[in-house]
Amino acid sequence: QAVPTRISILGSTGSIGRNAAEVVRSDEGRFDVAALAAHSNIGLLAEQIAEFKPEFVAVADLDAGACLAAMDLGVPVACGPEALEEAAAMPVDIALCGMVGAAGLRPLMAAIDAGNRIALANKESLVMAGEIVMAHARARGIEIIPVDSEHNAIFQCLEGHRLDDVACVHLTASGGPFYGRARDTLSAVTPEEATCHPTWDMGAKISVDSATLMNKGLEVIEAMWLFGLPLSKIQVVIHPQSIVHSLVEFTDGSILAHLGVTDMRFPIQFALTWPERVQSPMERLDLTQMRALTFGAPEFEEFPCLAHALRAAEAGGAMPAVLNAANEEAVAAFCAHRIGFLEIEEVVRRILDAPPSVAGPDLAAIEAVDVAARRQANDIIQSLSDN
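What you see is a predicted model; the values in this text were computed from it and never measured. (Residues numbered from 1 in each chain as written. Predicted model: local features only at pLDDT ≥ 70, side-chain atom pairs only at ≥ 80, totals over all residues. Heavy atoms only, no water.)

Asks: Help me understand the sheet that holds strand β8 (residues 166-173) in this model?
Replies: Strand pairs in the sheet, formed through backbone hydrogen bonds, run parallel or antiparallel to each other. Taken in spatial order, the 4 strands of this open sheet run β9-β8-β10-β11, and their pairing is mixed. Strand pairing shows two members of the sheet lacking a second neighbour, β9 (234-238) and β11 (255-259), which therefore form its edges. Put simply, the sheet's adjacent strands are angled 20° from each other on average, direction ignored. One ladder, built from 5 bridges, connects strand β10 (residues 244-250) with β11; its direction is antiparallel. Each residue of the ladder has a partner; that of Ser-246, found in β11, is His-258. (Pairing = 2+ DSSP bridges. Helix = DSSP H or I, 4+ residues; strand = E, 2+ residues; numbered from the N terminus. Axes fitted to C-alpha atoms, helices over the stretch in contact; angles between N-to-C directions.)

Quick look at the structure:
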């Protein structure tokens, strides 16, 4: 039997982490889980420790981490944000970076510094600091394999092709739960409605981003850095069936599409086993049951958050970091019932109109502007909730 692939799962209790656990579970003996990292869900984390027996565990939340350590589960437990970096720096064959939001940036950099191949499901890191992250990875010869279904699809379609031959990549978007719904009905949307995605089972933050289409805007910026493409060569297309995960159009007019069922275990397995393709127990796409595949252009009046994201992408510099920070805070406020659904886009717009200043192009400057934008966003959120 071959030596197991040694992996770490950062964000093990989230949507990506739970799906990764299923991939590991379904192919016994192929993977050895060396490290787990989570924010605060120590109930599920304790179960994962018992099952996968990692060498090291990190918990971002100090109180939750102390509770987990007190359980004495026979594994070292470190607590706090620095602990996530320590888990990421564990020497492994592949580090699955599946944490949500800006919290994943430093652990990603730590995993690259450690020489670990990256399976990347944390788009916000590339939105905030794509140029820095990709340069860091190139300098160390580290491969980054995308896990997001759209970028994983593009990665697969691009294999064996020259980037110079790419005319355009088409990122597909389901349109979320409110596609086609009259805009004047959206002000009363609840967090529970916004997190009920029509085709994908995802965490709350990504589900809300899909409902506003901000998620697709963030993915456009991610694609620019992952594949070295200009904004002009990346298009968003609405595809409600979520069967075609993305397409690559070449200069000769040919288009390659990646099709599959809506199951995140497929791109996770691909990223963890690449360049191999291995058997999987997942459901297969039955072409004979596909009655229609439809595509349409996004309406920016219907999805202003997508327009805001493209505006930030075009501006470049630290503007995508400002966009990401404003959106994270606005979505968190919406999920906490502090602001309305349509006020998410208002918070983002107001900050892009008057962004905080940036001191320089390094990681510390990006993190400083992230903090400043969050402070600014919370001031706007407070004013909106007061009204």
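Asks: Hey, could you run me through the pattern of salt bridges in this one?
Replies: Any two side chains of opposite charge can pair, on the condition that their charged atoms come close. According to the stated counting rule, one finds 21 salt bridges in the structure shown. A salt bridge links Arg-349 to Asp-353; the shortest N-O distance between them is 3.2 Å. Residue Arg-349 and its partner Asp-353 are both found in helix α14 (residues 342-353); the two are separated by 4 residues, about one turn of the helix. For Asp-353, a relative accessible area of 47% corresponds to the partly exposed category. (Salt bridge = Lys/Arg side-chain N within 4 Å of Asp/Glu carboxyl O. Buried < 20%, exposed > 50% of the residue type's maximum accessible area, 1.4 Å probe, protein only.)

Asks: Looking at this model, I keep getting lost on helix α6 (residues 123-140). Mind explaining?
Replies: For α6, with 18 residues, the first-to-last C-alpha span of 20 Å runs short of the 26 Å given by 1.5 Å per residue. Of all the bends in α6, the greatest measures close to 105° and is centred on Ala-129. What α6 keeps buried is the set Lys-123, Glu-124, Ser-125, Leu-126, Val-127, Met-128, Ala-129, Gly-130, Val-133, Met-134, His-136 and Ala-137. With its phi angle positive at about 65°, Gly-141 sits one or two positions after the end of α6. (Expected span 1.5 Å × (residues − 1). Bend = angle between axes of the 7 residues up to and from the residue.)

Asks: Hey, could you run me through the pairing of strand β2 (residues 31-38) in this one?
Replies: Of all 8 residues in β2, 7 are buried; the element is thus mostly enclosed. Bridge analysis of strand β1 (residues 5-10) against β2 gives 6 bridges, and the strand direction is parallel. Bridged to Leu-10 within β2 is Ala-37. For the crossover from β1 across helix α1 (residues 15-26) to β2, the handedness is right-handed. (Right-handed = clockwise from strand over helix to strand, strands pointing away.)

Asks: Whenever I open this one, the sheet that holds strand β6 (residues 117-120) confuses me. Can you help?
Replies: An order of β4-β3-β2-β1-β5-β6-β7 is seen for the 7 strands of this open sheet, with the pairing classed as parallel. Because the sheet does not close on itself, it has two edges, and the strands there are β4 (77-79) and β7 (144-146). Direction aside, neighbouring strands of the sheet carry axes that sit 20° apart on average. One ladder, built from 4 bridges, connects β2 with strand β3 (residues 56-59); its direction is parallel.

Asks: Would you mind going over the packing of α14 against helix α15 (residues 363-386) with me for this structure?
Replies: At a closest axis distance of 10 Å, the pairing of α14 and α15 adopts a crossing angle of 130°. The pairing of α14 with α15 is recorded here as oblique in orientation. Seen along the crossing, α14 lies across α15 with a hand that is right-handed. For the pair α14 and α15, contact is made by Glu-343, Glu-346, Val-347, Arg-350 and Ile-351 and by Ala-373, Gln-376, Ala-377, Ile-380, Ile-381, Ser-383 and Leu-384, respectively. The residue inventory of the contact of α14 with α15, partitioned by class, reads 7 nonpolar, 2 polar and 3 charged. (Parallel < 35°, antiparallel > 145°, perpendicular 65-115°, else oblique. Left-handed = near helix turned anticlockwise from the far one by under 90°. Contact = heavy atoms within 4.5 Å. Nonpolar A, V, L, I, M, F, W, Y, C, P; charged D, E, K, R; others polar.)

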